[in-house]
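Next come the chains, spelled out residue by residue.
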Amino acid sequence: MPENLVLAREHLQGLFNALKTRDYQVLGPTVRDGAIVYDELNSVEELPIGWTDEQQGGSYRLKKRNDRACFGYVVGPHSWKRFLHPPAVRLWQAARNGKGFQILEEKPAKKKMAFVGVRACELHAVAIQDRVFLGDSAIDSHYQARRDGIFVLAVNCGQAGNTCFCASMGAGPKVESGFDLALTEILEGGEHYFVAEIGTELGREILKGIPQAAASAAQVEKAKAIHAATANQMGRSLDTVGIKELLYANLEHPRWDEVATRCLTCANCTMVCPTCFCSTVEDVTDLTGEHAERWRKWDSCFTNDFSYIHGGSVRATAKSRYRQWMTHKLATWIDQFGSSGCVGCGRCITWCPVGIDITEEVRAIRGTASPAGAGDSGKEQHGADA
Amino acid sequence: MAPQLENSIAARTGVDPMVPELYCIQRLRHETDDTFTIELSPTNGRGGFSFLPGQFNMIYVFGAGEVPISISSDPQNSKTFEHTTRIVGAVTRSMGHLKKGDSLGVRGPYGTHWPVEEAEGRDVIIVTGGIGLAPLRPALYYLMAHREKYHKIVLLYGARTPEDILYRRELERWRSKFDLEIQVTVDRGTRGWRGNVGVVTTMIGRSPFDSTNAIAMACGPEVMMRFAVMEFQRRGLSSGDIYLSMERNMKCAIGFCGHCQYGPAFICKDGPVFRFDRIEPIFGKAEI
Amino acid sequence: MVQTLEGIVSEHAFFKGLDERYIKLVAGCAKNVRFDEGQIIFREGDAADEFYFIREGLVAVELMIPQRGFTTLQTVGEGDVLGWSWLMPPYRWRFGARTLQPTRALAFDGKCLRNKCEEDHDLGYELLKRFTFVVTERLEATRLQLLDLYGAPA
């Protein structure tokens, strides 16, 4: 039974302080270089207060709101995977030792992290990556060390983005589980407060000492109304019925050739996608040749040598690489990990330089003609006037 | 469903699966001008090494990098193990310059194995080309060590030229000592070669195995395996009786890096040995 | 118990489905032959008036290449058909054939069969169907050989 409290806006800093006192590194959204990214936060004031984002296929712009909402935007180019599955990790070092060598293991960093402002789609993405890295056959100790002990302060989206389709993927917009605290921001009639749902005992404990009150039925209803409105505002939709079978049966569909004329194989989509996990291994030495290191770095199936085996790449064409990405994300992922790999966050659509839209590609393969103008103008952006 | 392996990665808890263990080179033997075999043993008096035929290791050469190589020795020997590899890049080239006493990093063994249990009571037809014989050598050792459990065993082996034939003396020994039918062919004969010339797949049609009760195992270039499968099917073998060893780019061998994906399968953990009916829908499809 | 030529011909997979009277006719043009090891069956350039079914042994299809000597292109063995140059003008062998092992074969009088095919086109069609299959198999195998699949990576 969800327990709901009300937290006034001015007490949000107290929540930050409570986390810092307990040695958490507080990470959350902030404005930098014209985008909302995730970084270390010291104060509530560093949140993107009064900002919103306008997203289209191939376009992302920040715009000022006419209120002081702390979470009045959706998701930017960063996702939480940059903290759980960092872009570059040193796995171990080695030093020559006579005829042999010695390996010095890297003890995975034991940092306690607090994620502030986690959206439902992102929580689903973390759970999806958990199934990849903490599965049956092997455990990624680096992921596990970072994952253990994170504090999740989730936020229910107050509006849906133009490229959002989490509702289609069953990944939002309301957070259901996997959080310590979940906030719904309410600005109304001069009031500014958060309806806070307690997810765990740890969440309740962090709130100790911060002025709070039980949420009234009316306040809970207001929060629910926001959740419902957001769910109805999705800018995109994706029909997931039989999608695995559909893609398995259409590996030679002419649409792959068509999208290949647009796709630059720039790999942006895989960088911003919160579930993409592919990596490569780099073995390096210093100039003396006495000291070597192995690093793990983010990689992308869109690169030409991703599939290289002696002599050439198996997937040499852009067509085969786009097909690999999309069929992995929406189809083979299901056979591999028991769920879709996509959470409907829309980042791949926004950050694609040519605006390739995964929902439109699926629609084209299903054979339904795209509704006129649905691609970019679709639904109106309900951002600034919330 | 991959059978439970005693030395599976999950069982070795507490070990970071990306950290290699050190092994010592006992011997490095050049087989042909671009192929060599290394024999490894554990360093520091550690226990032995066990694996199932068809599995592979990730071999690390200090400073050069890491590559996946099938284990090619007798699985009954737990003291040392061997890898036969072609020189195809920087890592294998560096490896070929190493000497007895040098160290290598090893992670493994990984992957699925040849169906030596399923083949009991049946004929076994093994078709290999080039370096493809190396991953099947452990299976051949296993079959010979348990010879009475199998009916007819046939090995068809295609090499590039007579100079490229691997394990020549061993093949002779097997032919004479055990009840094995071995046919070797080359793509290009050279002066003095009085044996078969032609692709190995042409020998499947008239090979003396009982297609109503046989298991086929093939390993070699993908094109060779494609035509081998056609010949097996022409002989009447079903897709559930044919096993292939597939290969793709590998970086981690533990299902995390994503490189070795082949359709929904990860070749590092769902393969490299596949029962053909499992991969039939995508096998041979361009750029999958 | 020695098998009759007709018996051997009718059992051979190559002639499967052939009408009985044609089997008789074809068997009438056949004879058993034996070769020692290292014996030449036919030479490049010779008149091509026969073809062979190898019943046992190994035969090298070869070409004389200056500086390289006699070079084996492919070998054929038990169950294989050897020779199709008898089918087409100028009816001359383009390659040579030499045994690598003691070899037993059925030799067919191609010249005689050629004339019979001209008289009876149904027989001609049946034989051409079967020989086309042999040629395509050999072509596919040759293509694979050309790929040099075990060679150094591209």
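Cut-off values and rules
- Residues numbered from 1 in each chain as written.
- Chains lettered and ligands numbered in written order.
- Predicted model: local features only at pLDDT ≥ 70, side-chain atom pairs only at ≥ 80, totals over all residues.
- Helix = DSSP H or I, 4+ residues; strand = E, 2+ residues; numbered from the N terminus.
- Rg over C-alpha atoms; globule rule 2.2 N^0.38 Å.
- Buried ≥ 20, exposed ≤ 12 C-beta atoms within 10 Å, placed from the backbone.
- Contact = placed C-beta atoms within 7 Å.
- Nonpolar A, V, L, I, M, F, W, Y, C, P; charged D, E, K, R; others polar.
- Domains from an automatic or database assignment.
- Expected span 1.5 Å × (residues − 1).
- Core = buried A, V, L, I, M, F, W, Y, C linked by C-beta atoms within 7 Å.
- Pairing = 2+ DSSP bridges.
- Right-handed = clockwise from strand over helix to strand, strands pointing away.
- Axes fitted to C-alpha atoms, helices over the stretch in contact; angles between N-to-C directions.
- pLDDT = per-residue confidence, 0-100.

### Concerning the overall build of chain B
- When its secondary structure is counted, chain B shows 5 helices and 15 strands.
- Taken over the C-alpha trace, chain B has a radius of gyration of 18 Å; the compact-globule value for 288 residues is 19 Å, and the two agree within 12%.
- Counting only C-alpha atoms and orienting by the principal axes, one finds that chain B spans roughly 50 × 45 × 40 Å.
- Looking at the 288 residues of chain B, the share that counts as buried comes to 54%.
- Long-range contacts, defined as pairs at least 24 residues apart, comprise 73% of the intrachain contacts of chain B with a sequence gap of at least 6.

### Concerning the overall build of chain A
- In terms of helices and strands, chain A carries 12 helices and 16 strands.
- Over its C-alpha atoms chain A spans a radius of gyration of 22 Å, differing by no more than 12% from the 21 Å that the globule rule assigns to 386 residues.
- On the principal axes, the C-alpha backbone points of chain A span a range of 70 × 60 × 40 Å.
- Classification of the 386 residues of chain A by burial places 46% in the buried group.

### Considerations on the interface of chain B and chain A
- Taken residue by residue, the interface counts 36 residues in chain B and 40 residues in chain A.
- Of the residues belonging to the side of chain B that touches chain A, the class tally is 15 nonpolar, 12 polar and 9 charged.

### Thoughts on the domain arrangement of chain B
Residues and elements named next belong to chain B.
- For chain B, the assigned domains are domain 1 (9-110) and domain 2 (123-245).
- Using only C-alpha atoms to locate each centre, domain 1 and domain 2 end up separated by 25 Å.
- Residue-level contacts link 14 residues of domain 1 with 13 residues of domain 2.
- Of all elements in the fold, only β1 (21-32) and β5 (81-86) reach the threshold of two or more residues within the side of domain 1 that touches domain 2.

### Section: helix α2 (residues 133-145) of chain B
All names here are of chain B.
- With 13 residues, α2 extends 18 Å between its outermost C-alpha atoms, agreeing within 8% with the 18 Å of an ideal straight helix rising 1.5 Å per residue.
- Among the 13 residues of α2, 10 are classified as buried, and the element is accordingly described as predominantly covered.
- Residues of α2 that are buried: Leu-133, Ala-134, Pro-135, Leu-136, Arg-137, Pro-138, Ala-139, Leu-140, Tyr-142 and Leu-143.
- Summarising the contacts, the buried residues of α2 are in contact with β4 (65-70), β5, β7 (123-129), β8 (153-159), β11 (214-219) and β12 (242-245).

### So, the nonpolar core
- Within the largest apolar cluster, 139 residues are counted, with the highest numbers of intra-cluster contacts made by Ala-114, Phe-115, Val-118, Leu-153, Ala-154 and Cys-166 of chain A.
- Here Ala-154 of chain A is in contact with Val-118, Leu-123, Val-175, Phe-179, Leu-181 and Ala-182 of chain A, once residues within four sequence places are set aside.
- Grouped together as the second largest cluster of nonpolar side chains are 82 residues, Ala-134 and Ala-216 of chain B together with Val-26 and Ala-60 of chain C included.

### So, the pairing of β11 of chain B
Residues and elements named next belong to chain B.
- Extensive coverage of β11 is indicated by the burial of 6 of its 6 residues.
- In β11, alternate side chains face the same way, and those of Ala-214, Ala-216 and Ala-218 on one face and Ile-215, Met-217 and Cys-219 on the other are all buried.
- As defined by bridge partners, β7 adjoins β11 across 6 bridges and the pair is classed as parallel. Each residue of the ladder has a partner; that of Val-124, found in β11, is Ile-215.
- Relative to β12, β11 runs parallel, the two sharing 3 bridges. In the strand pairing of β12, Ala-218 is matched with Leu-244.
- You can see the chain leave β11, run along helix α4 (residues 222-234) and come back into β12, and the turn it takes is right-handed.

### Description of the domain arrangement of chain A
All names here are of chain A.
- You can read the domains of chain A as domain 1 (3-231) and domain 2 (243-366).
- Spacing between the C-alpha centres of domain 1 and domain 2 amounts to 25 Å.
- Taken together, the contacts link 37 residues of domain 1 with 33 residues of domain 2.
- For the side of domain 1 that touches domain 2, the secondary-structure elements that each account for two or more residues are β5 (59-64), β6 (88-97) and α3 (120-133).
- Class assignment for the residues of the side of domain 1 that touches domain 2 results in 20 nonpolar, 12 polar and 5 charged.

### Some remarks on the sheet that holds β12 of chain B
- One open sheet holds the 7 strands; their spatial order is β10-β9-β8-β7-β11-β12-β15 (chain B), and the pairing between them is mixed. The open sheet has two edge strands with one neighbour each: β10 (196-197) and β15 (273-275) of chain B.

### Some thoughts on the sheet that holds strand β13 (residues 279-285) of chain A
Residue and element names in this part refer to chain A.
- Here 4 strands make up an open sheet; going across it, the order is β7-β6-β14-β13 and the pairing antiparallel. Looking along the sheet, the strands with just one partner apiece sit at the ends: β7 (100-105) and β13. When the angles between neighbouring strand axes are averaged without regard to direction, this sheet yields 25 degrees.
- In the sheet, β6 pairs with β7 via 6 bridges, with the strands oriented antiparallel. Note that in β7 the partner of Trp-92 across the bridge is Glu-105.

### Concerning unusual backbone geometry
- Put simply, Gly-172 of chain A and Pro-173 of chain A share a cis peptide bond, and its omega is 5 degrees.
- With respect to the helices, strands and loops of the structure, Pro-173 of chain A is situated in the loop between β9 (151-155) and β10 (181-188).
- With an omega of 10 degrees, the peptide bond between Gly-271 of chain B and Pro-272 of chain B qualifies as cis.
- Locating Pro-272 of chain B in the fold gives a position in the loop between β14 (265-266) and β15.
- Despite not being glycine, Asp-33 of chain A has its phi angle at roughly 55 degrees, a positive value.

### Considerations on the confidence of the model for chain B
Residue and element names in this part refer to chain B.
- Residue-level pLDDT values for chain B average 93, and 95% of them are 70 or greater.
- Confidence over residues 1-13 falls short of pLDDT 50; this stretch has 12 contacts with residues more than four positions distant or in other chains.
- Under the prediction, the complex receives an ipTM of 0.92, its pTM being 0.92.

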